[in-house]
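Okay, here's what each chain looks like letter by letter:
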Amino acid sequence: QVRLVESGGGLVEAGGSLRLSCAASGIVVHVMRMSWYRQAPGQQRELVATIASTNNGGSSNYTDAAKGRFTISRDRRKNTLYLQMNNLTPEDTARYYCTTNVRLRDYWGQGTQVTVSS
């Protein structure tokens with residue numbers, strides 16, 4: 001059974017940093033295509049960053065909002081996906097989710113809340 005558990009969110013001042021974690025079970029993180037999404041109140045869930053499976057080169061891609069500030073990565077030993085977020089702004093305030101697709105089914109964690117104060 002696939003399970004994703006996010007952590008690492010919190011309240012931070014503008015300009016600060018956070019590192020989100022997504023601990024996975026039931027899958028092997030480093031061979032999966034995985035993504036981070038976020039959803040702000042009243043907004044649709046939006047993509048933040050994606051990391052390709054190692055079979056497909058393991059490259060990372062970011063939306064314009066995340067490019068240059070966020071870094072997606074994974075730890076093989078810990079079977080965990082990360083999102084390092086630097087230079088945060090109030091516009092980054094949202095609930096952040098990790099997700100992957102296994103045999104045509106999407107799996108999501110419960111999310112972790114990030115709040116950036118101005």
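Note: the structure precedes this text.
My aim in this report is to walk through the structure given alongside it, one point at a time.

Rules used in this analysis
Residues numbered from 1 in each chain as written. Predicted model: local features only at pLDDT ≥ 70, side-chain atom pairs only at ≥ 80, totals over all residues. Heavy atoms only, no water. Disulfide = S-S within 2.5 Å. Helix = DSSP H or I, 4+ residues; strand = E, 2+ residues; numbered from the N terminus. Buried < 20%, exposed > 50% of the residue type's maximum accessible area, 1.4 Å probe, protein only. Pairing = 2+ DSSP bridges. Polar contact = N/O pair within 3.5 Å; in protein donor to acceptor, adjacent residues only side chain to side chain. Salt bridge = Lys/Arg side-chain N within 4 Å of Asp/Glu carboxyl O.

**Section: the state of the cysteines**
Part 1 of the argument: Within this structure, the stated rule accounts for one disulfide.
Part 2 of the argument: Residue cysteine 22 pairs covalently with cysteine 98 via a disulfide, S to S 2.0 Å. Disulfide cysteine 22-cysteine 98: torsion about the S-S bond near 60°, hence right-handed. Of the two residues, cysteine 22 is situated in strand S3 (residues 18-25) and cysteine 98 in strand S9 (residues 94-102); the sequence distance between them amounts to 76 residues. The pair formed by cysteine 22 and cysteine 98 is uniform in burial state, with each residue classed as buried.

**Comments concerning the pairing of strand S11 (residues 112-117)**
Part 1 of the argument: The alternating pattern of S11 places Thr112, Val114 and Val116 on a buried face and Gln113, Thr115 and Ser117 on a face that is not buried.
Part 2 of the argument: One ladder, built from four bridges, connects strand S2 (residues 10-13) with S11; its direction is parallel. Bridge pairing links leucine 11 to threonine 115 in S11.
Part 3 of the argument: The sheet contact formed by S9 and S11 spans three bridges and is antiparallel. Looking across to S11, one finds that alanine 94 is bridged to valine 114.

**Structural notes on unusual backbone geometry**
Only a minority of non-glycine residues have a phi that is not negative, and only a minority of peptide bonds are not trans.
Part 1 of the argument: The residue asparagine 87 is not glycine, and still its phi comes out positive at about 50°.
Part 2 of the argument: Judged by its relative accessible area of 45%, asparagine 87 falls in the partly exposed class.
Part 3 of the argument: The phi torsion at leucine 104 lies on the positive side, around 70°, for a residue other than glycine.
Part 4 of the argument: Structurally, leucine 104 is set in the loop between S9 and strand S10 (105-108).

**Side note on the environment of threonine 50**
Part 1 of the argument: By secondary structure assignment, the location of threonine 50 is in strand S5 (residues 46-51).
Part 2 of the argument: As a C-alpha pair, threonine 50 and threonine 100 span 50 residues in sequence and 9.7 Å in three-dimensional space.
Part 3 of the argument: In terms of polar contacts, threonine 50 uses its side chain to reach the side chain of serine 35, at 2.8 Å.

**Quick notes on the pattern of salt bridges**
Part 1 of the argument: All told, the structure shown has four salt bridges when counted by the stated rule.
Part 2 of the argument: One salt bridge in this structure joins aspartate 92 and arginine 38, with 2.9 Å as the shortest N-O distance. Of this pair, aspartate 92 sits in the loop between strand S8 (80-85) and S9 while arginine 38 sits in strand S4 (residues 34-39), placing them 54 residues apart in sequence. Like aspartate 92, the residue arginine 38 is buried in the burial classification.
Part 3 of the argument: Note that arginine 69 and aspartate 92 form a salt bridge whose closest N and O atoms lie 2.7 Å from each other. Highlighted residues: arginine 69 in the loop between strand S6 (60-62) and strand S7 (70-75) and aspartate 92 in the loop between S8 and S9, separated in sequence by 23 residues. Grouping residues by exposure puts arginine 69 and aspartate 92 together as buried.
Part 4 of the argument: One network of salt bridges, with partners in common, ties together Arg38, Glu46, Arg69 and Asp92.

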